[in-house]
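# Architecture at a glance
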Amino acid sequence: MKYATLFLIGLLLSVALLSDAQKQSGKTKGKSKNKVRPTVAPEPKRQVLQRAVPCSSAKCKLPDCRCSDATLPRPKFKGKENEIPQFVTITFDDAVNAVNYAQYELLFNGVSNPDGCPATGTFFLSHEYTDYVRVNALYNAGHEIALHSVTHGDGTDYWRVADVETIEREFGQQLKMLERFAKVNPKSVQGMRLPFLQISGNNTFEAVKNLGLTYDSSWPTQQHKDPAMWPYTLDYLSIQDCQIGPCPDAALPSVWVNPMVTWTDTEGYSCSMIDACVYPPADNVDALFDWMLENFNRHYQGNRAPFGMYLHAAWFSRGRNYFAAFKKFMQHLTTYPDVYMTGVSHMLEYVKKPVLGKPFKECEKKPNSTCLPVNCNVQKVSTGEVRYMSACDKCPTVYPWLNNPLGEDM
């Protein structure tokens, strides 16, 4: 009886307390009835990517779609390979500075293609130590300016696991830097290359699409070099071998891959970039020239897929004759009636609308971007270091970096 009475009293107290709490809650709600509660915007939903299916040539049509297994610009060009123009894309990675800019001038000045247009290359720029005044000079000379990231990352792991947002920050903010400090029109920038050639699966190519770029050129192929692989889009599943994973498996319409068709060194090993070849020829102009010609002929005497010469300018300092051999090879290419040295994006214009014979009706129009050079002495906030940089028109307040691409006083 005693316990029943205690239970009954406890129950009545609980009901009384609950009733009082509800009344207080009602009063509180009444008082805040007319107040506007802060709203938090929902995070935008990321588009769910569809898994890519094998390519259908019946559905995948130029100029916006191209299957990865297509071995000629058009099927009807079969048997007419010697009428397909041979493109050579010379690309340099990393910072542009006073030393390598002088080398670039010596390589390209006075070199023309069969149509009389100047030979040009593609410069995949990383931000740190870059001389933006000289970038402006390369841009005005008609060379293609492309992206290689703000920070260059901290090793391959950084890029392997990079999400879409990280890649967009690294490359999207670099576009702002190029516009501000080198007076490069961001609309003219169409391509990117990941540092260390380390792609992050679908994320890399989804970022390409989100940034409004046309292509990525970070993906080497060893299996598809004879016959050599042509550029293609990711509307459908790629057949390209995945040397440095993860590689994409999603359908990403109209995103172009410019595959880095590997070279072969003197011992038969594949190398995605010239300076990555473990067994180059002896440091002799003729030996180096013959080696370059042998790799070129695999394309020229084959299906005429674009021939990539991918390297860092530092390669020229590895041997006494490396630069001379490279220059000799470029001069040799000018003796062909059907070899065109162009930037990657210009080559892709041809791939989208291929013809036999002369590939273009006219030369590319060079920009005329005015740059008033200034030398800047600014602090890199993250490390406290003093950095010297050349820029167009105006110095930043601090050294430009990720999340502060214009170097503003934060």
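The numbers attached to residues start from 1 for each chain and follow its sequence in the written order. Given that this is a predicted model, residues contribute local features only at a pLDDT of at least 70 and side-chain atom pairs are listed and counted only at 80 or more, while totals for whole chains, interfaces and linings are drawn from all residues. Side-chain calculation: all heavy atoms of the structure are included, whereas hydrogens and water are not.

This next bit is on the pairing of strand S1 (residues 86-93). Relative accessibility decides the category of a residue: with a 1.4 Å probe and only protein chains considered, values under 20% of the type maximum give buried, values over 50% give exposed, and everything between is partly exposed. Here a strand is any run of E in DSSP of at least two residues, a helix any run of H or I of at least four, and the numbering for each starts at the N terminus. Taken across its eight residues, S1 has eight buried, putting it largely inside the fold. Side chains of S1 alternate between two faces, with Gln-86, Val-88, Ile-90 and Phe-92 and Phe-87, Thr-89, Thr-91 and Asp-93 buried alike. Note: two strands are recorded as paired if DSSP finds a minimum of 2 bridges between them. In this structure, S1 lies alongside strand S13 (residues 339-341), joined through three bridges in parallel fashion. Within S13, the position partnered with Gln-86 by the bridge is Val-339. For S1 and strand S12 (residues 307-311), the ladder comprises five bridges, and the chain directions are parallel. When the sheet's bridge partners are listed, Val-88 is paired in S12 with Phe-307. Strand direction decides the pairing type here: S1 and strand S2 (residues 122-125), joined by three bridges, are parallel. Pairing of Phe-92 across the sheet is with Phe-123, part of S2.

Note on terminology: pairs of cysteine sulfur atoms within 2.5 Å are recorded as disulfides. Throughout the structure, instances matching the rule amount to seven disulfides. The disulfide that involves Cys-60 links it to Cys-65, with 2.0 Å between the sulfurs. Its torsion about the S-S bond being -105 degrees, the disulfide of Cys-60 and Cys-65 is classed as left-handed. Comparing Cys-60 with Cys-65 shows no difference in burial state: the two are buried.

Another point: the packing of aromatic side chains. Each aromatic pair joins two rings of Phe, Tyr and Trp (for Trp, the six-membered one) with centres within 6.5 Å, and gets the label stacked for planes under 30 degrees apart, edge-to-face for over 60, and tilted for any other angle. Summed over the entire model, instances satisfying the criterion amount to 26 aromatic pairs. When the ring of Tyr-104 is compared with that of Phe-123, the centres are 4.7 Å apart and the planes differ by 65 degrees; the resulting orientation is edge-to-face. Residue Tyr-104 is found in helix H2 (residues 98-108), and its partner Phe-123 is found in strand S2; the two are separated by 19 residues along the sequence. A relative accessible area of 1% means that Phe-123 is categorised as buried.

Where helices are involved, their axes are fitted lines through C-alpha atoms of the stretch in contact, as for all axes, and angles between N-to-C directions lie from 0 to 180°. Put simply, helix H3 (residues 132-140) and helix H5 (residues 164-182) touch, their axes get as near as 9 Å, and they point 90 degrees apart. Accordingly, the angle class assigned to the pair H3 and H5 is roughly perpendicular. Taking contact as the criterion, the partners of Tyr-132, Val-135 and Asn-136 in H3 are, on H5, Met-177, Leu-178, Phe-181 and Ala-182. Only Asp, Glu, Lys and Arg are considered charged, only Ala, Val, Leu, Ile, Met, Phe, Trp, Tyr, Cys and Pro nonpolar, and every remaining residue, Gly among them, polar. Residues of the contact of H3 with H5, tallied by class, amount to six nonpolar, one polar and no charged. These descriptions rest on fixed angle ranges, namely under 35 degrees for roughly parallel, over 145 for roughly antiparallel, 65 to 115 for roughly perpendicular, and the rest for oblique. Residue contacts are counted whenever heavy atoms from the two residues lie within 4.5 Å of one another.

Residues of H3 that are buried include every one of Tyr-132, Val-133, Val-135, Asn-136, Leu-138 and Tyr-139, and no others. Summarising the contacts, the buried residues of H3 are in contact with H2, S2, strand S3 (144-147), H5, strand S14 (373-379) and strand S15 (386-392). For H3, the side-chain oxygen to backbone nitrogen distance between the N-cap and Val-133 is 3.0 Å, and the N-cap itself is Asp-131. Remark: Gly-142 follows H3 within two positions and exhibits a positive phi of approximately 100 degrees. Pairing of N or O atoms within 3.5 Å defines a polar contact, subject to two protein rules: one partner must be a possible hydrogen donor and the other a possible acceptor, and residues neighboring in sequence count only if both atoms are side-chain atoms.

On to the packing of H2 against H3, then. Running from N to C, H2 and H3 cross one another at 15 degrees; their axes reach a closest spacing of 10 Å. With respect to H3, the axis of H2 lies roughly parallel. Crossing hand, H2 versus H3: left-handed. Along its contact with H2, which presents Ala-98, Tyr-101 and Tyr-104, the element H3 presents Arg-134, Ala-137 and Leu-138. Crossing handedness follows the turn of the near helix against the far one: under a right angle anticlockwise gives a left-handed crossing, and clockwise gives a right-handed one.

Quick look at the nonpolar core now. Put simply, buried Ala, Val, Leu, Ile, Met, Phe, Trp, Tyr and Cys residues joined by side-chain atoms within 4.5 Å make one nonpolar core. One finds Phe-92, Phe-296, Met-309 and Phe-326 to be the most contacted residues of the largest nonpolar core, which totals 100 residues. For this core, the leading source of residues is H5, giving eight residues. When neighbours within four sequence positions are excluded, Phe-326 is seen to be in contact with Ile-90, Leu-107, Ile-274, Met-292, Met-309, Leu-311, Trp-315 and Phe-316.

As a per-residue measure, pLDDT tells how confident the predictor is, with possible values from 0 to 100. Of all residues in the chain, 89% attain a pLDDT of 70 or more, and the chain-wide mean is 91. Every residue in residues 1-43 scores below 50 in pLDDT, and together they form zero contacts with partners more than four places removed in sequence or on other chains.

Moving on to helix H6 (residues 202-210). By the burial criterion, the buried members of H6 are Asn-202, Thr-204, Phe-205, Glu-206, Ala-207 and Val-208. Contact partners of the buried residues in H6: H5, strand S4 (191-192), strand S5 (215-216), strand S7 (232-234) and strand S8 (252-257). Remark: Gly-212 follows H6 within two positions and exhibits a positive phi of approximately 80 degrees.

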